[in-house]
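# A structural walkthrough
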Amino acid sequence: MKSITYKILALISFACGLGTVQAQTAIQPGKITGSLVTETGKPADYATVSLLKAKDSTVIKSSLSNETGHYSIERVTPGTYLIKATIIGYNSSISGPVTVAANATVSIPVLKLVPATNNLKAVSVVATKPLIERKIDRTVINVENSVLAAGNSAMEILERAPGVTIDKDDNISLKGKQGVTVMLDGKLTYLSSAQLASLLRSTDGNTIQSIEIITNPSAKYDAAGNSGIINIKLKKNRSAGTNGSFTAGAGYGQNHKANTSLNMNHKDGKVNIFGNYSYTNNKRPQDLMLNRTINDAGVNTFFNESTDILGNRNSHNYKLGADYELSKTNTLGVQVTGYNSSFDGNTFNNTLISGNQNVRSAVTTTNNASIERYNNIAANINNHIVFDTLGKELTMDADYSNFWNQQSNNYANNYFQADGTTLKYGSLLRNSLPTKINIATYKADYTNPLGKTMKLEAGMKFSYVGTNNDLRTDSVLNGNWVVDKGRTNLYKYTENINAGYLNFSQSWKKTSVQAGLRAEQTNSKGDSRDVDNVTTINERHYLSWFPSVFVNHELSDNHSLGLNYSRRIDRPSYDDLNSFVQILNAYTYQQGNPNLKPQFTNSYELSYTYKKKYNATLGYSLTTDVMVEVPKQIDKQKVTFITRENLAEQINYSLNINAPFTITKWWSMNNNVTGFYLGFKTSSPELNLDNGQYAANGNSINTFILSKTIKMEGTFNYQSPLTYGLFQIRSQYSFDAGISKSFAQKKANLKFSVSDIFNTRQQNLTVNQGNLNFSVFQKNETRVARLTFTYNFGNSKIQARKRSGGADDEKSRVKAGS
C-alpha cells in the first residue's frame, strides 16, 4: 500500500512542478479590466459583469466586481466586444465597442449604474434561469424556483429528472442503468441504496438549488458510478449582512404531509457564517402484491400475497458553517452537517396458498411493527488558497462522518386452514440491527494554468471506512425468547482507498481537449461471525486505473461536436457484502453476498449541439461483472429470496435528445427523450442469461407565465417497458402540475402543486426464468396536493463559499432505510 501511495504523491509533486512550464500557443488571449460606480460615485460591489460579442450581444463569459467596484475578465480571445454591468435595483450599463488584441490588457472607462426605482412599473426584467440547462459536460435542472419542487422531497424531485428512473426498492437508474453516484454539494454520500433513499426522502426539496446530471465525469471525480453522477446542490445565501429565507408547507394525499426550513447567512468583513435547518413529516401508505407459482416435483403451489404498509417519517436536517478570509488569497472554512430521521411502520401481510388458482388450501398472516432510527453528524474543515490571478489554486478538505442507525422488527405469523380454523399456532420473531459507520477522508485538488490556454489539474484522496453491523434475531420457543443462530451474526467491514489523478486541458480557437488519468488502490476486509464465533473473512487488495478523454469542437457558431470516454467502477455497498438474512415475511427474505465483486464500466459518448440550445447525445457502455438483484427459490421450502450477484456483462446503447422550445412569450417547453438498449449476458450452472430490450423514457416540462407574478408548470413523465436482468418491468407514466404567485415585492411566494394528478405512477414487474415464476405490483402514495409558502429576507449579493468535501463517495454506500 505504501508503494502506490508514494507513487501517487510523486505524480502530484511532478505535476505541481510543471507550474514553471510556459505553453506556446498560436493565439495569446487578452484581458479586460475596469470599475463600476453608482450614481453617487460609490463603488458598485458584487455586480455581474458580462462580456458580449459586439455583433450580436452573445454572452461570452461573466465575472463579478469586488468590494471596490473593480473587475477583471481573463483569457479574452482577440475580437470586438461590449461590457455589460448589472445589479439588482439598478438599470444595466453597457460600454461602447472595445477591441481586444492578442496578449493585450484593455482598460474600460468607468461605468455608472443608475437606480431603476423610477422605472420599475414600466420595465419588466426577466432573469430567471431555465428549468433545464444543457452544458458541455452535464445537464443542470434549476429546481430552485420550480413550482413542482415545492414541498416535495429530494427523492420525489429526482423521480421527475430527465433520464432518471427509480425502482420499487429505491434504486436510482440513469438512462436505464443502475450504479448512479449521488452527491450533495459535491460531496459523496457514502450510503447504500436504502440509506441513500432515507436521506433523500428526508431532504426538503425547498432547500435544493439545482440538480446536476453528469453522465461521463472526468478523472477529477471519484471513479465510482458506472452510469454517472447526480450532484444535488443545496441553496446558499448570497447576501452580505444578515439574510435568509423561510419556508413552510403542508400537503395531503391519503395522509398528511408537512415541511419547514430556515436558511440564514451573515457576512461581516472577513467572516461569513451560514446555516440551515429543515424538518419534514410524511405519513405514507404503500400497497404491495406478490403472486408466485412454485413447482416442486411437478406439483404447483400458488401464493397470492397482499401487503399493506403504513409508515410515518420524521426528519431533521441541519448545517452550520463559517468561512474566514485569512488573507485576500486564503480562505479557511469549517462546516458541521447532520440529520436525525425516524421511520415507524406497520405492515400487514396476507398470503393465500392453494393447490390451484381456484381452491384455497391455507392462509398465513404476518404483522410487523418496525422502528428505524437514522442519525448522522459530519464535520469538514477546508482551505482554499489562490496563488495568483491567472487561476493557480489549491483546495484541501478533511472530512469525518459518523452514522449510527438502529432497525428493529417484531413479526407475528399466524397460519390458518381454508375455513379459517387454526392450522398452526402463531410464531413470534424479532430482530434488531444496530449499525455504526465511521468515515474519514482527506483530499487535495491543485489547479495550475500553463500559459493562457493550457491547464493542469492534479489531486489526491485518502479515505477510510469502518462499519459494524450487529444483527440479532430471536424467536419464541416454549414461551421464551431464544437466539435464532441461523439469522444472527456480527459483521465488520473496513475499507481504505488511496487515489490520485492528473488532468490536462488545452484549448484552441475552435477546439478544446481534456485528458486525465486516475488511479485508485482499494484495500478491504469483511469479517462475519455467527453466534458460535465461526468467522468468515473476505479480504481484497487491488489497484485500478481510470482514464478519461474529452474533445469539443465548434464547427461554426451554430454547430458543435463533443466526444468523450471514461472508465469507472462500482463497489458493492457495505450491507450487500454481509451474508445476513433480512426477513420480509414467512416465505420471502433478502440475503447479502460476501463474494460480490466490483463492476467496471467503459463509457463512450458523442454529442452534437445546435445553436447552443438543442442537444443530441449518442452513448455506448460495456459493464463487466455487473451487479444486479437476482431472485432465487427453494422449491422444497416454498421460499423465495433476493440477493445480488455478478453477471458477466451489461451492454447499453443510448440516444438522448434535449430540445427546449419557446412557443409564445408566455409559454416555454423543454422536452427530453432517451432511447436505449439494455442487455445482460451471463453463463453459469445456476443461471444462463442472454436478454435485452429497446426502451425509452422522457419528459416534457411546460412553463406558463400568466403575469408578472403568476407562473404555472406542468410536467409529463413516461417510461416504456424495460428488461433489467431477470425482471420484466412494465411501462409507467404520470402528470404533475402547479401554480405559484409572488407578492410583497417578490420577497414572498405561494405555491400550490399536485403530483401524479391521475394517480397512474405504479410499478409492475414479472420474472419467468427457470423455476422462477412470479409477478409484483407496487403502488405508493404518489398523488399529493401541496401548498408551500416562502419568504426571503435580506439582500442578494454575496454567496456562502461553495465547497466539496472528500467523503462524498464513501457515504453513498451506507444504507439508510426506505
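Being a predicted model, the structure only gives us computed values, none of them experimental. (Residues numbered from 1 in each chain as written. Predicted model: local features only at pLDDT ≥ 70, side-chain atom pairs only at ≥ 80, totals over all residues. Heavy atoms only, no water.)

The subject of this paragraph is the overall build of the protein chain. For the protein chain, the count of helices and strands is four helices and 46 strands. Out of the 818 residues belonging to the protein chain, those deemed buried represent 52%. For the protein chain, the proportion of contacts with a sequence separation of at least 24, taken over those separated by at least 6, is 67%. (Helix = DSSP H or I, 4+ residues; strand = E, 2+ residues; numbered from the N terminus. Buried < 20%, exposed > 50% of the residue type's maximum accessible area, 1.4 Å probe, protein only. Contact = heavy atoms within 4.5 Å.)

In total, this model carries 24 salt bridges according to the counting rule given. Between D527 and R529 there is a salt bridge; the shortest N-O distance is 3.4 Å. Look at D527 and you get buried, because its relative accessible area is 13%. With its nearest N and O atoms 2.3 Å apart, the salt bridge here joins E645 to K632. Pair noted here: E645 is in strand β36 (residues 639–664) and K632 is in strand β35 (residues 614–634), with a separation of 13 residues, a long-range link. Counted as one network, the salt bridges with shared partners bring together D222, K461, R518, E520 and R571. (Salt bridge = Lys/Arg side-chain N within 4 Å of Asp/Glu carboxyl O.)

This part is about the side chain of T782. Within the secondary structure, T782 is located in the loop between β45 (772–780) and β46 (784–793). A distance of 2.5 Å separates the side chain of T782 from the side chain of D756, its partner in a polar contact. A polar side-chain atom of T782 sits 2.9 Å from a polar atom in the side chain of K779. (Polar contact = N/O pair within 3.5 Å; in protein donor to acceptor, adjacent residues only side chain to side chain.)

The next point concerns the packing of aromatic side chains. Summed over the entire model, instances satisfying the criterion amount to 18 aromatic pairs. With a centroid separation of 5.0 Å and 70° between ring planes, the pair formed by F680 and Y724 is classed as edge-to-face. Pair noted here: F680 is in strand β37 (residues 667–683) and Y724 is in strand β40 (residues 722–724), with a separation of 44 residues, a long-range link. Each member of the pair, F680 as well as Y724, is classed as buried. Grouped by ring-pair contacts, the aromatic residues Y565, Y604, Y620, Y653, Y677 and Y694 constitute a single cluster. In this structure, R292 packs its charged tip against the face of F303, placed 4.8 Å from the ring centre. Sitting over the face of the ring of W481, R430 holds its NZ or CZ atom 4.2 Å from the ring centroid. (Phe/Tyr/Trp six-rings, centres within 6.5 Å; stacked < 30°, edge-to-face > 60°. Lys NZ or Arg CZ within 6 Å of the ring centre and 35° of its normal.)

It is worth spelling out a nonpolar patch on the surface at this point. On the surface, a nonpolar cluster with roughly 650 Å² of combined accessible area is contributed by V271, I273, L320, Y324, L326, L332, V334 and I381. Of all elements in the fold, only β20 (271–296), β21 (299–327) and β22 (330–356) reach the threshold of two or more residues within the nonpolar patch. At three residues, β21 tops the list of elements feeding residues into the nonpolar patch. Note on placement: V271 falls in strand β20. On the basis of relative accessibility, which here comes to 32%, the residue V271 falls in the partly exposed class. (Patch = residues over 30% accessible without salt bridge, like charges linked within 9 Å, V, L, I, M, F, W, Y side chains within 5 Å. Areas by Shrake-Rupley, 256 points an atom, 1.4 Å probe, with all protein chains shown as cover.)

As a further point, take the environment of K638. Residue placement: K638 occurs in the loop between β35 and β36. When residues no more than four places from it in sequence are discounted, the contact partners of K638 are R292, I294, D296, T301, F303 and Y587.

Right, let's get into the nonpolar core. Judged by nonpolar contacts, the single largest core of 35 residues is most densely connected at L158, I172, L200, I208, I211, I230 and I232. By residue number, the principal contributor to this core is helix α2 (residues 154–158), which donates four residues. Here L158 is in contact with V164, I166, I172, L200, I211, I230 and I232, once residues within four sequence places are set aside. Residues F676, L687, L765 and L772 belong to the second largest nonpolar core, which totals 20 residues. (Core = buried A, V, L, I, M, F, W, Y, C linked by side-chain atoms within 4.5 Å.)

Secondary-structure assignment places T447 in strand β25 (residues 422–449). Setting aside anything within four residues of it in sequence, one finds T447 in contact with G391, K392, E393, K455, L456 and E457.

Below, the discussion takes up the confidence of the model for the protein chain. Low-pLDDT portions of the prediction should not be read for the details of their coordinates. With 85% of its residues at a pLDDT of at least 70, the protein chain reaches an overall mean of 83. Note on residues 4–26: pLDDT is under 50 here. Beyond four places in sequence and across chains, it has 31 contacts. Overall, residues 117–127 carries pLDDT values under 50, and its contacts beyond four positions in sequence, including any with other chains, amount to three contacts. (pLDDT = per-residue confidence, 0-100.)

Right, let's talk about the environment of A499 for a bit. As for its placement among the helices and strands, A499 is situated in strand β28 (residues 489–507). Taking the C-alpha atoms as reference, A499 lies 9.5 Å from A223; in sequence the two are 276 residues apart.

All right, on to the pairing of strand β24 (residues 393–417) then. As judged from the 25 bridges shared by strand β23 (residues 359–386) and β24, these two strands associate in the antiparallel manner. Residue A378 lies in a different strand from β24, and its bridge partner there is S401. Once β23 ends, the chain turns through six residues before running back antiparallel as β24, passing G391 with a positive phi of about 110°. (Pairing = 2+ DSSP bridges.)

What follows covers unusual backbone geometry. Despite not being glycine, D625 has its phi angle at roughly 55°, a positive value. Note on placement: D625 falls in strand β35. A relative accessible area of 26% places D625 in the partly exposed class.

Within the secondary structure, N255 sits in the loop between β18 (241–252) and β19 (256–268). Classification of N255 as buried rests on a relative accessible area of 15%. As for N255 and K283, which are separated by 28 residues in sequence, their C-alpha atoms are 5.8 Å apart. Ignoring anything within four residues of it in the chain, the contact list for N255 reads K283, P285, L310 and E781.

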